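Tertiary structure, described
For reference, the chains in residue letters:
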Amino acid sequence: MNSQHLRQNRQASLWSRIIAGALGGLLLSIALTGIYGWYSTDGMSDRYMLLLWWFIPIWVAAFCFSIWCRRALQAWLVLLTLNVLSWTGLYGLQQLHGQ
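Keep in mind it's a predicted model, so treat the numbers as computed, not measured.

1. A few points about the packing of aromatic side chains
According to the stated counting rule, one finds 3 aromatic pairs in the structure shown. Taking the centre distance of 4.9 Å and the plane angle of 50° together, the rings of Tyr36 and Trp54 count as tilted. With Tyr36 in helix 1 (residues 2–39) and Trp54 in helix 2 (residues 44–68), this pair connects stretches of sequence that are 18 residues apart. With a relative accessible area of 39%, Trp54 lands in the partly exposed category.

2. Concerning the environment of Arg70
Mapped onto the fold, Arg70 is located in the loop between helix 2 and helix 3 (72–96). Once the C-alpha coordinates of Arg70 and Arg17 are considered, the two residues, 53 residues apart in sequence, prove to be 9.1 Å apart. Not counting chain neighbours up to four residues away, the residues in contact with Arg70 comprise Ser13 and Arg17.

3. A few points about the confidence of the model for the chain
The predicted model of the chain averages 85 in pLDDT, with 82% of residues at 70 or higher. By mean pLDDT, helix 1 is the weakest element of the chain at 84, and helix 3 is the strongest at 94.

4. Some points on the nonpolar core
Counting 6 residues, the largest nonpolar core consists of Ala20, Leu28, Ala62, Cys69, Ala75 and Leu79. Counting only elements with at least two residues in this core, the list comes to helix 1 and helix 3. Excluding residues within four positions of it along the chain, Ala75 makes contact with Arg17, Ala20, Ser66 and Cys69.

Calculation rules
Counting starts from 1 at the beginning of each chain's written sequence and moves along it residue by residue. For this predicted model, a pLDDT threshold of at least 70 governs which residues receive local features, and a threshold of 80 or more governs which side-chain atom pairs are given and counted, while totals over whole chains, interfaces and linings are taken from all residues. Side-chain numbers here rest on the full set of heavy atoms in the structure, without hydrogens or water. Between 30 and 60 degrees the pair is tilted, below 30 it is stacked and above 60 it is edge-to-face, where a pair is any two Phe, Tyr or Trp rings, Trp via its six-membered ring, whose centres lie within 6.5 Å. Segments assigned H or I by DSSP are reported as helices when at least four residues long, segments assigned E as strands when at least two residues long, and all are numbered from the N terminus. When accessible area is computed with a 1.4 Å probe and restricted to protein chains, residues below 20% of their type maximum are described as buried, those above 50% as exposed, and intermediate ones as partly exposed. Residues are treated as being in contact if the distance between any of their heavy atoms lies within 4.5 Å. Confidence of the predictor at the level of single residues is captured by pLDDT, which takes values from 0 to 100. Grouping buried Ala, Val, Leu, Ile, Met, Phe, Trp, Tyr and Cys residues that are joined through side-chain atoms within 4.5 Å yields what is termed a nonpolar core.

Put into structure tokens, the structure is as follows:
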């Protein structure tokens, strides 16, 4: 009985970390590539191509980080903090450049 409860607890934690990595990583990837897009002074075509190339690796790194965390709460809190900082930075850049 105890081992079955422990197994269910681990599976619930794993699914929570997977969802944290998928959602939190997606939003973080969008925000970080958006920051680079606003901050970059490269040519327009070069910038979009680089954003496309950076989007997936950032998402995968965040996803791997969330799976690597021991507890789901840790993954959620770290990704939430990074998302708040990234989206605040993107908003600040947009306000600074007058959009």
